[in-house]
Amino acid sequence: MRRALPVSWRALAGDFLMPHIYLFLAAAIALAVTPGPGMFYVVGRTWAAGKGDGLASSFGTMLGGFVHVAACVIGVSALVMASATAFSALKIVGGLYLIYLGIQTFRVASREEMAMPDEGRAGWMRAFRQGVVVEATNPKSAAFFLAFIPQFIRVEAGHVALQFLVLGVISVLLNTGADLLAVMGAAKLHERFLHRPSLFRRLRQGSGILMASLGVGLLAARRG
């Protein structure tokens, strides 16, 4: 005989997940496919170093997104957003790191040698780690989760932390899916320009400028 779900879990499944989840999915999908800093970053990495780096960066930003979700659940992000000092420190670290990556990418693209080094797993792991750092140190991501997800939480259903966790994970996965599609499209453009040295150089330099610009934008971010 199947055990009955506890009343609180029935409330969570009935009052929150259905049909309320459909409104959340519609909004989350619309936001996921709208180009933003995360998508621009992984596209820039793809243009700079190829599809492997782009995919690794996407999974890195996914893990960084999960960091924000976990931080929101335990209240850390709320404290960061409430503290001017903590917010400023986080955005300075994240912004300077993006600017550093952009400058490095531009410098490498400006060299004479246009062949892309096949770094294999080591290069992908570095791209993955950089993606984690870029996303985890972005206070705008914390602000997004704190502003967006609570609108879809049903307090009367109980298990507020669990609701936030479920919605946060879904949001991160949708964003990652959109990023992966963007990477695949950017990779085709990257391969097309690979055999045209002058255009390829400009493409890679542009990706460096794009990443540095994202860093400058992050430094200019203000608390909501």
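Preceding this paragraph is the structure being described.
Because the structure is predicted, anything quoted here is derived from the model rather than measured. One numbering rule holds for all chains: residues counted from 1, following each sequence as written. For a predicted model such as this one, the threshold for reporting local features is a pLDDT of at least 70, and the threshold for listing and counting side-chain atom pairs is 80 or more; totals across whole chains, interfaces and linings nevertheless cover every residue. Computation of side-chain values: all heavy atoms of the structure, hydrogens and water removed.

K.L.:
Got a minute to help me understand the overall build of the protein in this structure?
P.N.:
Secondary structure elements are taken from DSSP: a helix is a run of H or I of four residues or more, a strand is a run of E of two residues or more, and numbering for both begins at the N terminus. Secondary structure assignment for the protein yields 10 helices and 0 strands. Secondary structure elements in the protein, listed N-terminal to C-terminal, are α-α-α-α-α-α-α-α-α-α. The rule is simple: take the accessible area with a 1.4 Å probe, protein chains only, and divide by the maximum for that residue type; under 20% is buried, over 50% is exposed, in between is partly exposed. Every one of the 224 residues in the protein was classed for burial, and the buried ones make up 41%. Sequence-distant contacts, at least 24 apart, represent 85% of the contacts inside the protein between residues at least 6 apart. By the convention used here, residues are in contact when the closest approach between their heavy atoms is within 4.5 Å.

K.L.:
Help me understand the packing of helix H4 (residues 51–74) against helix H8 (residues 139–148), please; the structure alone is not making it clear to me.
P.N.:
The description of two packed helices rests on the angle between their axes and on the distance between the axes. As a rule, the C-alpha atoms of each element are fitted with a line to give its axis, helices using only the stretch in contact, and angles between N-to-C directions run from 0 to 180 degrees. Direction vectors running N to C along H4 and H8 enclose 50°, while the axes themselves pass 10 Å from each other. In this view, H4 runs oblique relative to H8, as classed from their interaxial angle. Seen along the crossing, H4 lies across H8 with a hand that is right-handed. Of the residues in H8, those touching H4 at Gly-65, His-68, Val-69 and Cys-72 are Ser-141, Ala-142, Phe-145 and Leu-146. Angle categories: roughly parallel below 35 degrees, roughly antiparallel above 145, roughly perpendicular from 65 to 115, and oblique for all the rest. Two helices crossing with the near one rotated counterclockwise from the far one by less than a right angle form a left-handed crossing, whereas a clockwise rotation gives a right-handed crossing.

K.L.:
Would you explain helix H3 (residues 37–49) in this entry?
P.N.:
Because an α-helix packs 3.6 residues into every turn, residues spaced three or four apart end up facing the same way. Here H3 spans 18 Å end to end across 13 residues, near enough to the 18 Å set by a 1.5 Å rise per residue. Of all the positions in H3, only Met-39, Tyr-41, Val-42, Val-43, Gly-44, Arg-45, Thr-46 and Ala-48 are classed as buried. Just beyond H3, the residue with positive phi is Gly-50, at close to 105°. Expected helix span is given by 1.5 Å per residue-to-residue step, counting one fewer step than there are residues.

K.L.:
Any chance you could explain the pattern of salt bridges here in plain terms?
P.N.:
Pairing of side chains with opposite charge becomes possible as their charged atoms draw close. Each reported salt bridge corresponds to a side-chain nitrogen of Lys or Arg within 4 Å of a carboxyl oxygen of Asp or Glu. Tallied over the full model, the rule gives 1 salt bridge. For Asp-53, the salt bridge goes to Arg-45, with nearest N and O atoms at 3.0 Å. For the pair shown, Asp-53 and Arg-45 are each scored as buried.

K.L.:
Help me understand the nonpolar core, please; the structure alone is not making it clear to me.
P.N.:
Generally speaking, a soluble globular protein has its nonpolar side chains buried in company with each other. Residues Phe-24, Phe-145, Phe-148, Ile-149, Phe-164 and Leu-167 are the most contacted members of the largest nonpolar core, which totals 14 residues. At the level of secondary structure, the elements contributing two or more residues to this core comprise helix H2 (20–33), H4, H8 and helix H9 (160–194). For Phe-148, the contacting residues outside a window of four places in its chain are Phe-24, Ala-27, Ala-28 and Leu-31. Joining through side-chain atoms within 4.5 Å is the link that ties buried Ala, Val, Leu, Ile, Met, Phe, Trp, Tyr and Cys residues into a set, and such a set is a nonpolar core.

K.L.:
I keep staring at the packing of H3 against H4 and nothing clicks. Help me out?
P.N.:
For the pair H3 and H4, interaxial distance at closest approach is 7 Å and the crossing angle is 155°. One way to sum up the angle between H3 and H4 is to call them roughly antiparallel. Where H3 crosses over H4, the handedness of that crossing is right-handed. Residue-level contacts link Tyr-41, Val-42, Arg-45, Thr-46 and Ala-49 of H3 to Lys-51, Asp-53, Gly-54, Ser-57, Ser-58 and Thr-61 of H4. Ten residues, namely Ala, Val, Leu, Ile, Met, Phe, Trp, Tyr, Cys and Pro, are considered nonpolar, four, namely Asp, Glu, Lys and Arg, are considered charged, and the remaining ones, Gly among them, are considered polar. Along the lines of polarity and charge, the residues of the contact of H3 with H4 split into 3 nonpolar, 5 polar and 3 charged.

K.L.:
What am I meant to see in the side chain of His-68 here?
P.N.:
By the secondary structure assignment, His-68 is in helix H4. On the accessibility criterion, His-68 (4% relative accessible area) is buried. Definition of a polar contact: a pair of N or O atoms within 3.5 Å, with one able to donate and the other able to accept a hydrogen when the atoms are protein atoms, and with sequence-neighbouring residues admitted only if both atoms are side-chain atoms. A polar atom in the side chain of His-68 sits 3.3 Å from the backbone oxygen of Asn-138.

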